[in-house]
2 protein chains.
Amino acid sequence: MKISLDLLAQLRHRAYNMRVLCLEATTEAGSGHPTTCLSAADLVAALFFYGMQYDPENPAARNNDRFILSKGHGAPLLYAAWKEVGVLTKEDVMGLRSFSSVLEGHPVPRFPYVEAATGSLGMGLSIGLGMAIGGQRNNRSFYTYVLLGDSEMTEGSVWEAIELAAYYNVNRLIAIVDFNRLGQSIETIDDHDPAKHEERWKAFGWHTITIDGHDMKEIVEALDEAKKEYEKPTVIIAKTFKGYGIEVEDKMGYHGKAFSKEELPKMLKQLEERFKEDAKMQIEPPKLKPYTPRRKDVPEFTLPPCSYSKDAKVAPRKAFGETLVQLGTVLNDLIVLDAEVKNSTFTQLFEDAYPSRFIESFIAEQAMIGMAIGLSSLGYIPFSATFASFFSRAHDQIRMAAINRSALRLAGTHVGVSIGQDGPSQMGLEDIGMMRALPDSVVLYPCDAVSTYALTQLAVRYQDGISYLRLTRAATPVIYEPGDTFFIGGSKVLKESDNDRACIVAAGITVFEALKAYEELKKRNILVSVIDLYSIKPLDYETIKQQALKANKKLITVEDHFLQGGMGEAVCYALRNDDITIEVLAVTDISRSGTPEELLAYHKIDHMALIEAVYKLLV
Amino acid sequence: MKISLDLLAQLRHRAYNMRVLCLEATTEAGSGHPTTCLSAADLVAALFFYGMQYDPENPAARNNDRFILSKGHGAPLLYAAWKEVGVLTKEDVMGLRSFSSVLEGHPVPRFPYVEAATGSLGMGLSIGLGMAIGGQRNNRSFYTYVLLGDSEMTEGSVWEAIELAAYYNVNRLIAIVDFNRLGQSIETIDDHDPAKHEERWKAFGWHTITIDGHDMKEIVEALDEAKKEYEKPTVIIAKTFKGYGIEVEDKMGYHGKAFSKEELPKMLKQLEERFKEDAKMQIEPPKLKPYTPRRKDVPEFTLPPCSYSKDAKVAPRKAFGETLVQLGTVLNDLIVLDAEVKNSTFTQLFEDAYPSRFIESFIAEQAMIGMAIGLSSLGYIPFSATFASFFSRAHDQIRMAAINRSALRLAGTHVGVSIGQDGPSQMGLEDIGMMRALPDSVVLYPCDAVSTYALTQLAVRYQDGISYLRLTRAATPVIYEPGDTFFIGGSKVLKESDNDRACIVAAGITVFEALKAYEELKKRNILVSVIDLYSIKPLDYETIKQQALKANKKLITVEDHFLQGGMGEAVCYALRNDDITIEVLAVTDISRSGTPEELLAYHKIDHMALIEAVYKLLV
């Protein structure tokens, strides 16, 4: 393709404008990362005004190209680009980092042109990969561009995405590395040697192009070449200089430092002198109408009543897999992601039924969650499942998903000490705490197959944040009827009488310990009420309180989870100002291998511990 | 080197014995991963009886070679190897996975020959790297061997360690990949193509050797070659077959499945036929005396009183860096690890003073924690620091460190919404919950420079688990005298009178909001007591209770952290059965950019919110 000189001049002019605005806005804010923006300005100008095809008045349009700023601290550059496009004014951008602005220090979707919240490094490529795979599976024609910093290339999460992108031949994913040599406090690990860096991408199966990231012609040609690669994803490694165009160029010690109001004029002058021709040109950005994002709601659906019969023994994780299969028939946008444990989480059932809507992440939990964020942004309904303990591997990604207000559905299996012989490394014991702390999250914890069937559907319907489904490994007896109803924030009173001496709040596996304790105590003429708290967040405060008041004002919580951040603490917080005596049974020590029964007893969360706790409260 | 046939025959015999025992023990246990053990048996036999130099009666000896089983589900093989060495009996190994045995489903240091708890995949190499760097920095001559599975190579954490090992030229680190093609539920991403896989390690700067992992001569020669590499770390990619030697060899569907007691004789027969010669040989393992591990305690030390003067403004993170420098003079084994934010966490001060005891992990938090585990095992005192929010990136490693009973010291800076303009991606708001939930952890949260000086020392002294130091970004006024004392589980009553109408429990930045509220309320003739709860775990229940009872039985907690898992819930749990009215002020929503003051007010955790809460309690 022949590239017009006029085009290149225009792109350089855009880059110049963006550089100026980045300096002005960060100085106005009194903080931010101007030098980071200067290194990538040419790349972003070329992307926004040459490489990318998109409708600026409708950023959600089906075949718009996507852009993820993985190096989120370059946010001012993103905002400057959208100002050049015409959807922001200079005044908007000058509000950078202020409380009243949606243009935050790192990009968040309060500014609706942001495709993904970034700022914790090394996540953008997996998010972009999710979008690209989503497009690929649905024959959509858009490209996904991800701009990475060279510093963040040391995050293992990036290499997870690199490997998976090549494995899935996602050719419409284009990564661009702003290879500017300087990190926050040190030179990057690769220094300024793109050749060595390029070898790595190549070895992982990517098409690679190395360019001078300040040469607009090279940038434009590289973008053309990348789009012509039909087999593989492409990375453009762009050698750049941090602080390009001003006196701190390529100098250590200027990361994350805004220039003072006194210094600013000198810096702007330097830009003007360095980019004389580019500064002269005039292009008036259009004034575009503001975009109001519309959420794509989960469609209405109904499933037939489930067929689990009472007292059959079914593992909740298995019921989960079976429910997913049924959901697949009514929800075309449901996509299930696995981290190579699908035969344990039973997502394999979904893969068998809908192979094209299943994504195998192999053992790469961070990439799995990153991809889910990207898929969610495209309007898919992603459900990611692995062992509960291994969600801790992607805790930072899940945290960022919450900030991104992504509707992720997560299912964690192999929870608690009751998994038994495999030992503590495989036991999810911190997952309730981790998931409860996410703003806008819900935490659901079914004990049997019927409630799993219902709660899986509720998780899919929930779209205001992250929904977490905690799934027991063991086959548990079905205690509910197919017609029983469940809701987010609900609970079930399983046992109650007019003469209860205490109330037991249980969830998951401990529901059965509570029922055993109930039967044993009943033989001794001690009646207790039992609540199945299947919704840990939100929590059914009213029911717990009423049952506790009715039951002698005595309450026992019992959970197969660490005490801290768990159900017991949640209940203590909720009931903090009620006159109710509470005993909390939870795991407090490092566990070990053993049978489920031995371990429930060892950690004092079994029926015997409950009986003891009831006696203690009654003394 | 000339290798004797006799040696090879002996190694094959060891491998045969180990295969037999792995089948027997997993069948006896009724669970486990026998086929995983069969693929790696030849490698482990060669390591234990040829490659490694160690004193089996003193596994902690200074120059013993180290062995990390990164593929922790191969635990039976590890135990079988130690049985061959003579430190375990067959009966010991047959107790595999039982409650009464220290030989768990995945290795933990309850069996003292385990160098690191594994079982969450992809961590072993960074732990080994920590050991190798520790040895390198101290001119120790041992080698560190890490056995990895091919499935776990998709974990980004492995590539973090690979990159850092090459960067630091850690030539005494030898990785061995058991390249057996089959994962848990699927073929590995690399299938059985070691060449493609080898390219990746090469591109990251490793010396690579590819061998037939069942050919003992090739294994032995590769180990020799690896030891002769003086510049780089070496990886031996060993092409193997899962289930090698029995009818399920190289077949999908046999991961994590023990054979039944009925099937076992057939499998043992197949082994005997396949390895006829190896089966025949007889070597009687010696009976070695059992090893009792001794902990290397942190040496006694005293620092001079600190020199921070009252009302000076010093950021706790800065005081932390300055304290580390002082600790460096009295603790030779103190090593500080950074994840490329040392100029923000002020660990740069330590690097400047003691460059040889500083490890730059670049932006690779998982590797940073993995290395700290390895360093801790060698007897070093590792202190790792980064932004609190980014510890979530290494949550799984930290979880495993707790299972490993490692004495890690972690410092998280940039906590809470009070960091201001950078926005939510940089705000640590879940760290208290995450760290509290670790068994045996302590969580310390100084508000000023003097308490930081004291608590940093306490964190270093604590050796029964993980100590976490939560550090405020802003410069806060010094409120303590250099002579004031602090202890784990303590608190400070900053304000009290005989007429207190409520008690405020604060920590870190909210201590100053509480003091402001105190002054304002005092003007209005309302007295409140104020507690600085600098030790969040353990928590000073007695003082809080007494102050609350004295203060009208009314308590307010205020923290710059999410409500869930935070200080407020911890207090509600502790005081659950006391007749005290509690109000909890904490962050519950997604934050945004703004000034610290704006954000403290927005989330209702500032002095105005406290005043309002006091009034509400008094109505």
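Now for a quick tour of the structure. (Residues numbered from 1 in each chain as written. Chains lettered and ligands numbered in written order. Predicted model: local features only at pLDDT ≥ 70, side-chain atom pairs only at ≥ 80, totals over all residues. Heavy atoms only, no water.)

## A look at the overall build of chain A
Now for step 1: Counting its regular elements, chain A contains 22 helices and 19 strands.
Now for step 2: In terms of principal-axis extent, the alpha carbons of chain A reach across some 95 × 50 × 45 Å.
Now for step 3: Treating the 67 positive side-chain charges of chain A as one cloud and the 82 negative ones as another, the clouds have centres 2 Å apart. (Helix = DSSP H or I, 4+ residues; strand = E, 2+ residues; numbered from the N terminus. Lys, Arg positive; Asp, Glu negative; His and termini not counted. Charge placed at Lys NZ, Arg CZ, Asp CG, Glu CD.)

## Quick look at the pairing of strand S1 (residues 66–69) of chain B
Consecutive residues of a regular strand have side chains that alternate between opposite faces of the sheet.
Residue and element names in this part refer to chain B.
Now for step 1: Neither face of S1 is exposed, since Arg-66 and Ile-68 on one face and Phe-67 and Leu-69 on the opposite face are all buried.
Now for step 2: With four bridges joining them, S1 and strand S2 (residues 144–149) adopt parallel strand pairing. Paired with Ile-68 across the bridge in S2 is Val-146. (Buried < 20%, exposed > 50% of the residue type's maximum accessible area, 1.4 Å probe, protein only. Pairing = 2+ DSSP bridges.)

## Considering the pattern of salt bridges
Residue and element names in this part refer to chain A.
Now for step 1: This structure, assessed with the given rule, holds 72 salt bridges over all chains.
Now for step 2: Ionic pairing is found between Arg-66 and Glu-115, a salt bridge with its closest N-O pair at 3.9 Å. With a gap of 49 residues between them, Arg-66 in strand S1 (residues 66–69) and Glu-115 in the loop between helix H4 (90–94) and helix H5 (124–137) connect regions that are remote in the sequence. The two residues Arg-66 and Glu-115 agree in class, both being buried. (Salt bridge = Lys/Arg side-chain N within 4 Å of Asp/Glu carboxyl O.)

## Some details on the interface of chain B and chain A
Now for step 1: In this complex, chain B contributes 105 residues to the contact, which on the side of chain A involves 105 residues.
Now for step 2: Between chain B and chain A lies a buried interface of about 8500 Å² when both sides are counted; carbon and sulfur atoms form 52% of it.
Now for step 3: Per-residue buried area on chain B facing chain A is highest for Phe-99, Arg-393 and Ile-590 of chain B; these three make up 10% of the total on that side.
Now for step 4: Where chain B meets chain A, there are ten salt bridges.
Now for step 5: Between chain B and chain A we count 53 residue pairs in polar contact (both at pLDDT 80 or more) in total.
Now for step 6: Grouping the constituent residues of the side of chain B that touches chain A by class yields 36 nonpolar, 37 polar and 32 charged. (Contact = heavy atoms within 4.5 Å. Buried area = accessible area lost by both parts, 1.4 Å probe. Polar contact = N/O pair within 3.5 Å; in protein donor to acceptor, adjacent residues only side chain to side chain. Nonpolar A, V, L, I, M, F, W, Y, C, P; charged D, E, K, R; others polar.)

## Things to note about the packing of helix H14 (residues 365–377) of chain B against helix H15 (residues 395–403) of chain B
All names here are of chain B.
Now for step 1: Between H14 and H15, whose axes approach to 8 Å, the crossing angle comes to 15°. By the criterion of interaxial angle, the relationship of H14 to H15 is roughly parallel. Between H14 and H15 lies a crossing of left-handed hand. Touching Gln-366, Ile-369 and Ile-373 of H14 are Gln-397, Ile-398 and Ala-401, all from H15. (Axes fitted to C-alpha atoms, helices over the stretch in contact; angles between N-to-C directions. Parallel < 35°, antiparallel > 145°, perpendicular 65-115°, else oblique. Left-handed = near helix turned anticlockwise from the far one by under 90°.)

## Observations concerning the relation of the copies chain B and chain A
Now for step 1: Rotating chain B by 180° and translating it 0.0 Å along the rotation axis places it on chain A, where the RMSD comes to 0.0 Å. What we have between these two chains is a two-fold relation.
Now for step 2: Here 100% of the contact residues of chain B are again contact residues in chain A; the copies associate through an equivalent surface. (Least-squares fit on C-alpha atoms with pLDDT ≥ 70 in both.)

## Topic: the sheet that holds strand S14 (residues 492–495) of chain B
All names here are of chain B.
Now for step 1: The five strands lie next to each other as S14-S16-S15-S18-S19, forming an open sheet whose pairing is mixed. Both outer strands of the open sheet, S14 and strand S19 (581–587), are each paired with one neighbouring strand and no more. Between one strand and the next, the sheet's axes are offset by a mean angle of 25°, whatever the strand orientation.
Now for step 2: As judged from the three bridges shared by S14 and strand S16 (residues 528–532), these two strands associate in the antiparallel manner. For Lys-495, the partnering residue across the bridge sits in S16 and is Val-530.
Now for step 3: On top of the sheet, helix H20 (residues 567–574) reaches strand S15 (502–506), strand S18 (554–562) and S19; it is set at about 145° to S18, its chief contact.

## What about the nonpolar core?
Now for step 1: By size, the foremost hydrophobic cluster in this structure holds 185 residues, and its most contacted members are Leu-125 and Trp-201 of chain A together with Leu-125 and Trp-201 of chain B.
Now for step 2: Here Trp-201 of chain B is in contact with Leu-125, Leu-148, Met-153, Trp-159, Ile-162, Ala-175, Val-177, Trp-206, Thr-208, Val-235 and Ile-237 of chain B, once residues within four sequence places are set aside. (Core = buried A, V, L, I, M, F, W, Y, C linked by side-chain atoms within 4.5 Å.)

## Some points on the sheet that holds strand S11 (residues 442–444) of chain A
All names here are of chain A.
Now for step 1: Read across the sheet, seven strands follow the order S8-S7-S9-S10-S12-S11-S17 without closing on themselves; strand pairing throughout is mixed. Each of the sheet's edge strands pairs with one partner strand only, and the pair in question is strand S8 (358–360) and strand S17 (535–537). Sheet twist, expressed as the mean angle between neighbouring strand axes with direction ignored, is 20°.
Now for step 2: Strand direction decides the pairing type here: S11 and S17, joined by two bridges, are antiparallel. Paired with Leu-444 across the strands is Ser-535, a residue of S17.

## Quick notes on the packing of helix H1 (residues 5–29) of chain B against helix H8 (residues 216–227) of chain B
All names here are of chain B.
Now for step 1: Two elements in contact, H1 and H8, have axes separated by 10 Å at closest approach and are oriented at 105°. Relative to H8, the element H1 lies roughly perpendicular. Judged by residue contacts, Leu-8, Leu-11, Arg-12 and Ala-15 of H1 engage Met-216, Lys-217 and Val-220 from H8.
Now for step 2: Grouping the amino acids of the contact of H1 with H8 by side-chain chemistry returns five nonpolar, no polar and two charged.

## Section: the state of the cysteines
Now for step 1: Taken as a whole and assessed by the stated rule, the structure comprises zero disulfides over all chains.
Now for step 2: No disulfide involves Cys-447 of chain A; its sulfur sits 12 Å from that of Cys-306 of chain A, the nearest cysteine.
Now for step 3: Using a relative accessible area of 0% as the deciding quantity, one classes Cys-447 of chain A as buried.
Now for step 4: For Cys-572 of chain A, which is in no disulfide, the shortest distance to another cysteine sulfur is to Cys-572 of chain B and amounts to 7.6 Å.
Now for step 5: Residue Cys-572 of chain A is classed as buried on the basis of its relative accessible area, which comes to 2%. (Disulfide = S-S within 2.5 Å.)

## Notes on helix H20 (residues 567–574) of chain A
Now for step 1: With seven of eight residues buried, H20 of chain A lies mostly within the body of the structure.
Now for step 2: Of all the residues in H20 of chain A, the buried ones are Met-567, Gly-568, Glu-569, Ala-570, Val-571, Cys-572 and Ala-574 of chain A.

## Some words on the packing of aromatic side chains
Now for step 1: Across all of its chains, the model carries 49 aromatic pairs over all chains by this definition.
Now for step 2: Ring geometry for Tyr-167 of chain A and Phe-362 of chain A: centres 5.0 Å apart, planes at 80°, overall edge-to-face. Taken together, the positions of Tyr-167 of chain A in helix H6 (residues 156–167) and Phe-362 of chain A in the loop between S8 and helix H14 (365–377) put the pair 195 residues apart, joining distant regions of the chain.
Now for step 3: Phe-362 of chain A sits in the buried class, given a relative accessible area of 3%.
Now for step 4: Relative to Tyr-354 of chain B, the ring of Phe-350 of chain B has its centre 4.8 Å away and its plane inclined at 50°; by these criteria the two rings are tilted. (Phe/Tyr/Trp six-rings, centres within 6.5 Å; stacked < 30°, edge-to-face > 60°.)

## Observations regarding the environment of Val-177 of chain B
All names here are of chain B.
Now for step 1: In this fold, Val-177 is placed in strand S3 (residues 173–179).
Now for step 2: When its relative accessible area of 0% is taken as the criterion, Val-177 is described as buried.
Now for step 3: Each C-alpha atom of the pair Val-177 and Ser-70 lies 9.8 Å from the other, and the pair is 107 residues apart in sequence.
Now for step 4: Dropping the residues within four chain positions of it, Val-177 is found in contact with Leu-148, Gly-149, Asp-150, Met-153, His-197, Trp-201, Val-235, Ile-236, Ile-237 and Ala-238.

## Description of the environment of Ile-488 of chain A
Residues and elements named next belong to chain A.
Now for step 1: By secondary structure assignment, the location of Ile-488 is in the loop between strand S13 (476–477) and strand S14 (492–495).
Now for step 2: The exposure class of Ile-488 is partly exposed, given its relative accessible area of 28%.
Now for step 3: With 429 residues separating them in the primary sequence, Ile-488 and Pro-59 have C-alpha atoms 33 Å apart.
Now for step 4: Contact partners of Ile-488, with chain neighbours within four places excluded, come to Val-442, Leu-444, Leu-458, Tyr-462, Ser-535 and Pro-538.

## Examining helix H5 (residues 124–137) of chain B
Residues and elements named next belong to chain B.
Now for step 1: Taking 1.5 Å of rise per residue, the 14 residues of H5 would be expected to cover 20 Å, and the 20 Å separating its terminal C-alpha atoms lies within 8% of that figure.
Now for step 2: Judged by how many residues are buried, H5 sits mostly within the fold: twelve of 14 residues are covered.
Now for step 3: Within H5 the residues assigned to the buried category are Gly-124, Leu-125, Ser-126, Ile-127, Gly-128, Leu-129, Gly-130, Met-131, Ala-132, Ile-133, Gly-134 and Gly-135.
Now for step 4: Count one or two residues on from H5 and you reach Asn-139, which has phi positive near 55°. (Expected span 1.5 Å × (residues − 1).)

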